[in-house]
Amino acid sequence: MIRPATSEDAPKLAPLIILALGHIASLFAKSDDPNDAIPLMEKFIADKGNQYSYENTLVYEDENGVIGSLVGYDGARLHELRAPVLKVLRASDPDFSPGDETEAGEYYVDCVNVDPAHQGKGIGKKLLNAFCGLAATKQFNRVGLIVDKVNPDARKIYEKVGFQVAGEKDFLGHTYDHMVREV
């Protein structure tokens, strides 16, 4: 079942989102271990008005509990939604500036993740399709995302659900393919 997340989902969602963020979570935690960012992510998820908020999250839940999620929002709201996150991160690194990975006019997939024990079952595709349906109901014509060039498996999944490469974005020291899907 796919449903909107609640603030109570934060402890279940944080480890999943950390999986999707990868090296970005390590930057957040100022640690080589991305899992050190779990407490910070739990706070962001449970709070309103930021890019990782439960307000911007779809959850995939089955008899095993929460096993997948997708965080996404209106690309035009990136700076507004990122501001609370940057406030926390800049407390320890005043020069932290991640750059813009999305843009106005696109409903943006910030991260999609599935518990490793449940990958390969089509859950990510279901979440992406549900998010694209949500984008259409909000009058968006395009859904966008970025995928690290060193992650061809993820790119293949996005292509299977209709995303196409539309360009490149440099983000936090990596080059990403910017992929879009018309809805």
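Right above here is the structure, for reference.
Residues numbered from 1 in each chain as written. Predicted model: local features only at pLDDT ≥ 70, side-chain atom pairs only at ≥ 80, totals over all residues. Heavy atoms only, no water.

Draft legend 1. Seen up close, the packing of aromatic side chains. Throughout the structure, instances matching the rule amount to 6 aromatic pairs. Between Tyr-107 and Phe-131, the aromatic rings sit 4.7 Å apart at their centres with planes inclined by 15 degrees, giving stacked as the arrangement. Note that Tyr-107 is positioned in strand β4 (residues 107–114) and Phe-131 in helix α5 (residues 123–137), a separation of 24 residues in sequence. We classify Tyr-107 as buried; its relative accessible area is 7%. Here Phe-131 falls in the buried class, since its relative accessible area comes to 2%. Measuring from centroid to centroid gives 4.7 Å for Tyr-107 and Phe-140, while their planes differ by 40 degrees, and the two rings are tilted. Residue Tyr-107 is located in strand β4, and its partner Phe-140 is located in the loop between α5 and β5 (142–148); the two are separated by 33 residues in the primary sequence. (Phe/Tyr/Trp six-rings, centres within 6.5 Å; stacked < 30°, edge-to-face > 60°. Helix = DSSP H or I, 4+ residues; strand = E, 2+ residues; numbered from the N terminus. Buried < 20%, exposed > 50% of the residue type's maximum accessible area, 1.4 Å probe, protein only.)

Draft legend 2. Main features of the environment of His-79. If you trace the backbone, His-79 turns up in helix α4 (residues 78–92). Given the relative accessible area of 55%, His-79 is considered exposed. The spatial distance from the C-alpha of His-79 to the C-alpha of Cys-111 is 17 Å, given a sequence separation of 32 residues. Reaching out from His-79, the side chain makes a polar contact with the side chain of Asp-100 at a distance of 2.9 Å. (Polar contact = N/O pair within 3.5 Å; in protein donor to acceptor, adjacent residues only side chain to side chain.)

Draft legend 3. Main features of the pairing of β4. Most of β4 sits inside the fold, with 8 of its 8 residues counted as buried. With 7 bridges connecting them, strand β3 (residues 65–74) and β4 associate as antiparallel partners. Each residue of the ladder has a partner; that of Val-71, found in β4, is Cys-111. As a crossover connection, the stretch from β4 through α5 into β5 is right-handed. (Pairing = 2+ DSSP bridges. Right-handed = clockwise from strand over helix to strand, strands pointing away.)

Draft legend 4. Structural context of the side chain of Lys-169. Here Lys-169 shows up in strand β6 (residues 164–171). Exposure remark for Lys-169: the relative accessible area of 15% places this residue in the buried category. Not counting residues up to four positions away in its chain, the partners in contact with Lys-169 are Asp-100, Glu-101, Thr-102, Glu-103, Ile-146, His-174, Thr-175, Tyr-176 and His-178. (Contact = heavy atoms within 4.5 Å.)

Draft legend 5. Spotlight on the side chain of Asp-110. Structurally, Asp-110 is set in strand β4. One buried charged residue, Asp-110, remains without a salt bridge, the closest side chain of opposite sign being Arg-82 at 6.2 Å. Side-chain polar atoms of Asp-110 contact the side chain of Gln-51, separated by 2.9 Å. A distance of 2.6 Å separates a polar atom in the side chain of Asp-110 from a polar atom in the side chain of Tyr-73. What Asp-110 contacts, discounting residues up to four positions off in sequence, is Leu-21, Gln-51, Tyr-52, Val-71, Gly-72, Tyr-73 and Glu-101. (Lys, Arg positive; Asp, Glu negative; His and termini not counted. Salt bridge = Lys/Arg side-chain N within 4 Å of Asp/Glu carboxyl O.)

Draft legend 6. Representation of the pairing of strand β2 (residues 57–62) in the model. Direction of pairing for strand β1 (residues 2–4) relative to β2: antiparallel, over a ladder of 3 bridges. The residue of β2 that forms the bridge with Arg-3 is Val-59.

Draft legend 7. Spotlight on the packing of helix α1 (residues 10–21) against helix α3 (residues 38–46). Direction vectors running N to C along α1 and α3 enclose 115 degrees, while the axes themselves pass 8 Å from each other. Handedness of the α1/α3 crossing: right-handed. Facing Ala-10, Pro-11, Leu-13, Ala-14, Pro-15, Ile-17, Ile-18 and Leu-21 of α1, the residues of α3 in contact are Ile-38, Met-41, Glu-42, Ile-45 and Ala-46. Grouping the constituent residues of the contact of α1 with α3 by class yields 12 nonpolar, no polar and 1 charged. (Axes fitted to C-alpha atoms, helices over the stretch in contact; angles between N-to-C directions. Left-handed = near helix turned anticlockwise from the far one by under 90°. Nonpolar A, V, L, I, M, F, W, Y, C, P; charged D, E, K, R; others polar.)

Draft legend 8. Region of the structure containing α3. Taken residue by residue, α3 has Ile-38, Met-41, Phe-44 and Ile-45 as its buried positions. Buried residues in α3, looked at end-on, bunch into an arc of 120 degrees, giving them a common side. Those residues of α3 that are buried lie in contact with α1, α2 (23–29) and α4. (Arc of directions from axis to C-beta.)

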